[in-house]
Structures are given as C-alpha cells and as structure tokens.
Amino acid sequence: MTRIPRSHPRYRSLMIRERLVEGFKRGLVVPEGLIAHGRGEAFDYLLGEVSHPFALEAERATVAWLLTARRPVISVNGNYAALAAREIRGLAEATGAMVEVNLFYRTEERVKRIWRYLDEVGVPNLLPWDCEKTHIPGLESPRGITCRDGIASADFVLLAIEDGDRTEALVRAGKVVSAIDLNPFSRTAQTASITIVDEAIRATVNMERMARSMTREEALEARRSYDNLEVLKASFAAIFERLSHASKAGRPPAPSGGHEPLGSL
Ligand code: ATP
C-alpha cells in the first residue's frame, strides 16, 4: 500500500482511493467500480468534501428506518465493502440490521470473497453467502439475484454506490430504499425514497453515531417528518452556491465548516 503522509492536503481523499485500489487487487472491486469512484470524487469536490445538513437529515431518516423497520437490510457491494467495511460493522452493530452482499457484476466467487472479507472484519448479522436465492422482480440476469431472507423480504434497504436500475426495481417492489450517492443527478439519487448525498464512509460513520443515541420516539418522528424532495433540492442548491461563488471569485469557497468525521482513516 502506498504510504501517504497525514500532512498531505488531500490525505483523506488519497487514503480512500488507496482503499479502493487495495479492494481491486483483492478481487473485491471490479474495474467499473474504480470508474464509479472517480465520478463520486468529482461530486464530492463540488460539495466541499463534508457532510452537509441535508445529508445529515437523510442519514437521520435512514437510521430511523434501520431502527424501526420490520426487516431492515444493509446491501453491500464491492465498492462499499472495500471502502467502509469497519464502518458497516459499526452501523450493523448499532442497529441490528441484516447485511447482505449483493452485486451488480455478480459472480458467486466475488460474493464469497466480499462475504469473507466482511466476516474477517467482524461485520455482524451477515446473511450467508450461500443463502437461498430469488430474483428481484423486473431485473433479469444475475444482477437481480438476492437472498430470499434478505433483500427479497426486506421492507427497508440501505444501499450505497448503486446502479439506478437496481434501485428503481427495489422501489417498484414496494421497499423503502435509502441510497448513499454523491451524485444527486443519478437515477439512483432520483428514485430512492431517501437520498444521502454524502461520501459512503462519512455517511456510515455519521449513521452509527446517530443510531447509538436515537430513541424509538425520535426515530418515528424522523420517519414522519422526512421530505426527500427538500433534501434533493438542498443538495443541488449547495452545489449551485459553491459554483456560483467560484464563478465570481475564480476559486472555490473556503471550507464550509460542514461535518467531517474521519472514521477509520
Ligand atoms: P445511475 O445508474 O444511478 O444513474 P451511475 O450510472 O452513475 O448512476 P454507477 O456507475 O453504478 O451508476 O454509480 C455509482 C454512483 O455512486 C455514482 O453516482 C457515483 O457518484 C456514486 N459514488 C461513487 N463513489 C462514491 C462514494 N464513495 N460515496 C458515495 N457515492 C459514491
């Protein structure tokens, strides 16, 4: 692994990139995942690389669902596992949600590899990699395969860095879907019930912290009062304001003072 000095101005971003490259070398991440990461980085740059209030609001609503849904499931793909396995462990511990390895570019070999990695890290409530399978309605081919006792029977699914078709299919199947996606323009961001426009590690750290202190009453109230359209509008407005500032000043605005948890970095 390349050594990056903590003093490097882009330490965090470079460390995250290293994690993904390591994941690629271990066969957790596919080449397409590296491209998806680059797209995410670009949006994070525009957002100032902090968790904005609209992201914290969506994260709070997600935690509320994770704590109160009948069958909540955290769906983990190669990128999410490579970037945030320890943070996923914390969130699964704090909420008791089940964790399913579920892949767009699915091979049983890669499912097993990611499953073993999560297991080594100590992620609890992992659905077995050889669980009984079924298909998400409307999604043909291996990208629609899911565990019968996992996503297929879940009422709430948290996913990250996900493809739009799969998100749409889950929403069509009647599930409440929360998606961590830095690009508010993406089909995933646009179709999810709860859109977390935040970086996957930051978002997961924030949610673990929230889950450790949220009461049931607070969770039910957070579910009731949540408005995803307002959150999406606020995310576009944040990008617009930062670009508007830069278009006048010729440089990005000073760091916004948003929330920046380091997690396990
Ligand atoms: P869609 O199919 O939803 O329109 P897409 O074609 O961009 O989007 P993917 O390539 O599967 O679909 O993209 C994954 C999404 O994840 C992208 O929108 C990207 O911005 C986002 N993303 C990448 N890395 C991260 C990250 N670390 N944290 C949060 N979001 C990320």
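The structure under discussion appears in the preceding block.
Residues numbered from 1 in each chain as written. Predicted model: local features only at pLDDT ≥ 70, side-chain atom pairs only at ≥ 80, totals over all residues. Heavy atoms only, no water.

Peer 1: For this particular structure, what's the right way to read the overall build of the protein chain?
Peer 2: Scanning the protein chain from N- to C-terminus turns up 10 helices and 7 strands. Computed over C-alpha atoms, the radius of gyration of the protein chain comes to 18 Å, within 12% of the 18 Å expected from 2.2 N^0.38 for 265 residues, which places it in the range of a compact globule. Once the C-alpha set of the protein chain is aligned to its principal axes, its extents read approximately 55 × 45 × 35 Å. Of all intrachain contacts in the protein chain linking residues separated by at least 6 positions in sequence, the fraction that spans at least 24 positions is 68%. For the protein chain, the exposed area adds up to about 12,000 Å²; of that, 54% sits on carbon and sulfur atoms. Looking at charge distribution, the protein chain has the averaged site of its 36 positive side-chain charges lying 2 Å from that of its 35 negative ones. (Helix = DSSP H or I, 4+ residues; strand = E, 2+ residues; numbered from the N terminus. Rg over C-alpha atoms; globule rule 2.2 N^0.38 Å. Contact = heavy atoms within 4.5 Å. Areas by Shrake-Rupley, 256 points an atom, 1.4 Å probe, with all protein chains shown as cover. Lys, Arg positive; Asp, Glu negative; His and termini not counted. Charge placed at Lys NZ, Arg CZ, Asp CG, Glu CD.)

Peer 1: What exactly am I supposed to notice about the sheet that holds strand 1 (residues 72–76) here?
Peer 2: Note on sheets: strands pair through backbone hydrogen bonds, and any given pair is parallel or antiparallel. Taking strand neighbours across the sheet as the criterion, the 5 strands line up as 2-1-5-6-7 in an open arrangement whose pairing is parallel. Of all the strands in the sheet, just strand 2 (98–101) and strand 7 (194–196) have a single pairing partner and so form its edges. When strand polarity is set aside, the average angle formed by the axes of neighbouring strands in this sheet is 20°. Of the strand pairs in this sheet, strand 1 and strand 5 (residues 156–160) are connected by 3 bridges, and their pairing is parallel. Its bridge partner being in strand 5, Ile-74 is matched across the sheet by Leu-158. (Pairing = 2+ DSSP bridges. Axes fitted to C-alpha atoms, helices over the stretch in contact; angles between N-to-C directions.)

Peer 1: Before we go on, may I ask you to explain the pairing of strand 6 (residues 176–180) in this structure?
Peer 2: For a regular strand, side-chain orientation follows a simple rule: the groups alternate between the two sheet faces. Counting buried residues in strand 6 gives 5 out of 5 residues, a clear majority hidden from the surface. Where burial is concerned, the two faces of strand 6 agree: the one with Val-176, Ser-178 and Ile-180 and the one with Val-177 and Ala-179 are both buried. Looking at chain direction, strand 5 and strand 6 are connected through 5 bridges and run parallel. Residue Leu-159 lies in a different strand from strand 6, and its bridge partner there is Ala-179. For the crossover from strand 5 across helix 6 (residues 164–172) to strand 6, the handedness is right-handed. Sheet topology places strand 6 next to strand 7; 3 bridges connect them, and they run parallel. Note on strand 7: the bridge partner recorded for Ile-180 is Ile-196. (Buried < 20%, exposed > 50% of the residue type's maximum accessible area, 1.4 Å probe, protein only. Right-handed = clockwise from strand over helix to strand, strands pointing away.)

Note that every value here comes from positions in space, so none of it alone points to a role or purpose.
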